[in-house]
Each structure stands twice: as structure tokens, then as C-alpha cells.
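Results of the structural survey
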Amino acid sequence: MASSPFLGIAASITLLLVSLLFMRFFPLNPPPPTPPPPGLFTAQNLALYNGTDDGLPILLAILGSVFDVTKGRSHYGAGGGYNHFAGRDASRAFVSGNFTGDGLTDSLHGLSSTQVKSVVDWRDFYFKTYIFVGKLVGRYYDSEGNPTKYLKGAEAKAARGAQLMEKQKNEEAKLPTCNSRWSQEEGSEVWCDNGYPRLVQRPLEMAITGKVSKRCACFTEDELNQPGLEVYEGCDHLSKLCRL
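Reference entry: report on the structure contained in this document. (Residues numbered from 1 in each chain as written. Predicted model: local features only at pLDDT ≥ 70, side-chain atom pairs only at ≥ 80, totals over all residues. Heavy atoms only, no water.)

Summarising the element assignment, Thr148 is placed in the loop between strand 4 (131-136) and helix 6 (149-172). In this structure Thr148 comes out as buried when scored by relative accessible area, which is 13%. (Helix = DSSP H or I, 4+ residues; strand = E, 2+ residues; numbered from the N terminus. Buried < 20%, exposed > 50% of the residue type's maximum accessible area, 1.4 Å probe, protein only.)

Taking 1.5 Å per residue, 24 residues should reach 34 Å; helix 6 reaches 34 Å between its end C-alpha atoms and fits that length. Considered for burial, the residues of helix 6 that qualify are Leu151, Ala154, Ala158, Gly161, Gln168 and Glu172. (Expected span 1.5 Å × (residues − 1).)

Strand order in the open sheet made by the four strands is 1-4-3-2, with mixed pairing throughout. The two strands at the open ends of the sheet, each matched to only one other strand, are strand 1 (39-41) and strand 2 (59-62). Taking each pair of neighbouring strands and ignoring which way they run, the sheet shows an average axis angle of 40°. Strand direction decides the pairing type here: strand 1 and strand 4, joined by three bridges, are parallel. Across the sheet, Leu40 pairs through a bridge with Lys135, a residue of strand 4. (Pairing = 2+ DSSP bridges. Axes fitted to C-alpha atoms, helices over the stretch in contact; angles between N-to-C directions.)

So this is what it looks like as C-alpha cells:
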């Protein structure tokens with residue numbers, strides 16, 4: 001007996017409806033987790049977004065600002081190289097490189113002005129690259145989301161670091177920097193096209209980094225009697241090239 005064409009049409013419609021329902025409840029490519037609305041986080045609820053639950057976005061905080069970094073799941077998710085930042089504020093680790101234990105802290109105590117500036121620069125990077133979703137109540141924001149004295153102090157210290165770095169850059173521009181190179185056969189060497197290489201203390205380095213350091217600068221012969229200039233060990237007084 002011939003089948004009715006209406007039965008074929010009905011079967012096709014039924015199949016289409018079943019397919020649509022399947023795609024509605026079982027999509028082939030499920031959408032990414034929806035980030036929470038901008039708001040306030042506690043350390044306890046921020047810790048839930050540490051990349052271990054694929055159904056939740058991945059969040060991290062820096063200087064109390066919370067960002068959704070889910071699009072970087074391969075880096076910030078479980079097993080990723082930056083997973084230690086997820087679900088917490090580990091501001092200090094961005095410059096200390098200590099990703100374990102007490103190193104994963106939001107405290108910047110003891111860091112130099114340029115190190116604090118680097119942390120602020122990292123925060124600016126996250127504002128430009130990821131989604132800002134709120135503030136972490138604690139060291140940098142109070143329970144109403146207002147910045148604390150610690151955040152204002154960190155930002156002021158970073159600004160001082162930027163000013164000192166610019167001042168040192170301008171000061172060092174007055175003295176030509178030595179040329180330098182390294183090779184496996186010859187090792188390291190420094191030289192001056194015009195003048196003679198001398199080690200000289202960077203005058204603002206203590207204020208910038210909390211440490212004393214020196215750099216190689218070129219001086220003319222009539223400048224060599226200035227105090228504080230150091231000849232490289234094993235290098236002649238009037239040699240234009242010194243091997244280290």
C-alpha cells in the first residue's frame with residue numbers, strides 16, 4: 001500500500017523539532033561561562049573561581065581589582081603556567097617571581113618604588129586585556145568598594161618610582177653609555193668609541209630599587225680625575241676596550 005505524502009511531511013517536521021530541542025539543551029559548542037556582574041568579592045568567594053571548575057569563569061585579582069581571565073584558560077586554568085594567580089590576589093608575585101606559599105600574597109611591603117610601579121603596570125595590562133568584574137574587599141578596597149589608604153599609598157609610590165626612573169634616564173643621558181658585547185670565545189667586553197670606559201655608581205639607584213648598582217660610562221681624558229670613577233680590573237688606565 002502506498003504511503004501518504006502527509007505522513008512523510010509529518011515525520012520530517014517531527015525530526016526537525018527533535019533536532020532543534022536537542023541543540024537547545026545539548027549544544028555542540030556550549031557558550032563560555034558567564035562572568036559574575038561587577039561587584040564586590042571576598043577572598044572566600046573569589047577562591048571559587050580558581051580554574052578547577054569548568055562551569056565557572058576564572059578570576060584573579062591584582063591590587064584588589066578583579067578580572068575575568070577565562071579566555072586565557074590554557075594559561076590560568078588547572079595545570080596552566082599561571083594558575084597560581086587564579087582565585088586570589090597575588091600582587092606581589094607579579095614582580096617577586098615567588099609563586100609558592102607566602103609569595104602568593106597581596107602585600108607589597110618592602111618592595112621598591114619601581115617594583116610597585118611594575119605591579120601597577122600589570123594591573124593596567126589586565127584592564128586593557130581582560131574583563132574587569134569587580135573589587136576584592138580587603139587590603140585595597142573596603143566593604144563599600146572604596147579604595148583604602150594601602151591602594152592610595154601603592155599608587156603614590158608607583159608614581160614616585162616613575163619619576164625617579166625618568167630622572168635617572170635624563171641624568172644618564174648626559175654620560176655616554178659604553179658599548180658592550182659577549183661571545184663564547186672572547187667572553188664579555190666593553191669599549192668606548194670616544195673616551196674611556198669607567199664604572200660609575202648610578203646616583204638614584206638606591207632610591208629606585210633599594211640597592212646600589214653601577215654602570216659603564218665613557219669619559220674623556222680630562223674627566224678621568226673625577227671622584228667615584230672605577231677602572232675595570234685588569235684594564236689599562238687609558239684603554240678604550242676592557243675585557244671582563
